Amino acid sequence: MTAYPNTQFFQAKLKNISNHTIQIKGVTVENTYLQTKDVKINDKSEKRSVSPNETINMYFTLAEKAEQNAHFYIVTPKIEYELAGKASSTYIDPVFYGMTNLTKEKLDDILKQN
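Per chain, residues are indexed from 1 in the order of the written sequence. Since the coordinates come from a predicted model, pLDDT governs what is reported: local features require at least 70, and pairs of side-chain atoms require 80 or more to be given and counted, while whole-chain, interface and lining totals use all residues. Side-chain measures here rest on the full set of heavy atoms in the structure, leaving out hydrogens and waters.

A. Geometry of the overall build of the chain. Secondary structure summary: the chain contains one helix and 10 strands in total. What you see in the chain, going N to C, is helices and strands ordered as β-β-β-β-β-β-β-β-β-β-α. Computed by Shrake-Rupley with a 1.4 Å probe, the accessible areas treat only the displayed protein chains as cover when residues are assessed. With an accessible surface of roughly 7300 Å², the chain has 46% of that area assigned to carbon and sulfur atoms. Put simply, DSSP H or I for four residues or longer makes a helix, DSSP E for two residues or longer makes a strand, and each gets a number counted from the N terminus.

Here you go:
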């Protein structure tokens, strides 16, 4: 697990080990309260294709799209892509979102609920 402040970029280093170009379609999180924003590949928001044997750095931020329902979340970003004409997806390592914003009061509240 990795913990990031709410305002920091998430970064993933990925390599295309196939013989085909991969078209990145998007990055999502399966969470009602969060969304991905500012997706960039190698510091460019317009590049969405990854050539065979190419290594890329993907960056994005997580942002709230609704008022948080929990003190923090554990989310697993999902990369949706197309390879050789077939739609597919993969998950990258889970991250904590909001964990670094915990205060003593919030922690006490969490402990009281359990």
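B. Highlighting the nonpolar core. Core analysis: the largest hydrophobic core is formed by 21 residues, its most contacted members being Ile24, Met58, Phe60, Leu62, Val75 and Ile79. Listing elements by their share of this core, those giving two or more residues are β2 (9-15), β3 (22-28), β4 (34-41), β6 (55-64), β7 (73-75), β8 (78-83) and β10 (95-97). The greatest single-element share of this core, amounting to four residues, is contributed by β6. In this structure Ile79 touches Leu14, Ile24, Gly26, Val27, Met58, Ser88, Ser89, Thr90 and Ile92, once residues within four positions along its chain are discounted. The term nonpolar core refers to a set of buried residues drawn from Ala, Val, Leu, Ile, Met, Phe, Trp, Tyr and Cys, joined through side-chain atoms within 4.5 Å. Think of it in three bands: with a 1.4 Å probe and only protein chains considered, a residue is buried below 20% of the maximum accessible area for its type, exposed above 50%, and partly exposed in between. By definition in these notes, contact holds between two residues if any of their heavy atoms fall within 4.5 Å.

C. Looking closely at the pattern of salt bridges. Take a side-chain nitrogen of Lys or Arg and a carboxyl oxygen of Asp or Glu: if they are within 4 Å of each other, that pair is a salt bridge. Here the structure, examined in full by the defined rule, presents two salt bridges. With its nearest N and O atoms 3.5 Å apart, the salt bridge here joins Glu30 to Lys78. Of this pair, Glu30 sits in the loop between β3 and β4 while Lys78 is found in strand β8, placing the two residues 48 residues apart along the sequence. The class for Lys78 is buried, based on a relative accessible area of 16%. Counted as one network, the salt bridges with shared partners bring together Glu30, Lys78 and Glu80.

D. Up close: the packing of aromatic side chains. Between rings of Phe, Tyr and Trp, where Trp is taken as its six-membered ring, a pair exists when centres lie within 6.5 Å; planes separated by under 30 degrees are stacked, by over 60 edge-to-face, and by other angles tilted. Per the counting criterion, the structure on display carries two aromatic pairs. Here the aromatic rings of Phe10 and Phe60 are separated by 4.9 Å at their centres, their planes lie at 40°, and the arrangement is tilted. Of this pair, Phe10 sits in strand β2 while Phe60 is found in strand β6, placing the two residues 50 residues apart along the sequence. Measuring from ring centre to ring centre gives 5.9 Å for Tyr33 and Tyr73, while their planes differ by 15°; the resulting arrangement is stacked. One end of the pair, Tyr33, is in the loop between β3 and β4; the other, Tyr73, is in strand β7, and 40 residues separate them in sequence. When its relative accessible area of 24% is taken as the criterion, Tyr33 is described as partly exposed.

E. Spotlight on the environment of Gly98. You can see Gly98 is positioned in the loop between β10 and α1 (104-113). Assessed through its relative accessible area of 2%, Gly98 is described here as buried. For Gly98 and Tyr73, which are 25 residues apart along the polypeptide, the C-alpha to C-alpha distance reads 6.6 Å.

F. Local environment of the sheet that holds strand β9 (residues 86-91). Note on pairing: two strands pair once DSSP finds at least 2 bridges between them. Pairing in this open sheet of four strands is antiparallel, and the strands run β5-β3-β8-β9 from one edge to the other. Each having just a single partner strand, β5 (49-50) and β9 make up the two edges of the open sheet. Strand direction decides the pairing type here: β8 and β9, joined by six bridges, are antiparallel. The residue bridging Tyr81 from the neighbouring strand is Ser88, located in β9.

Interpretation note: all reported values are geometric properties and have no functional meaning in isolation.
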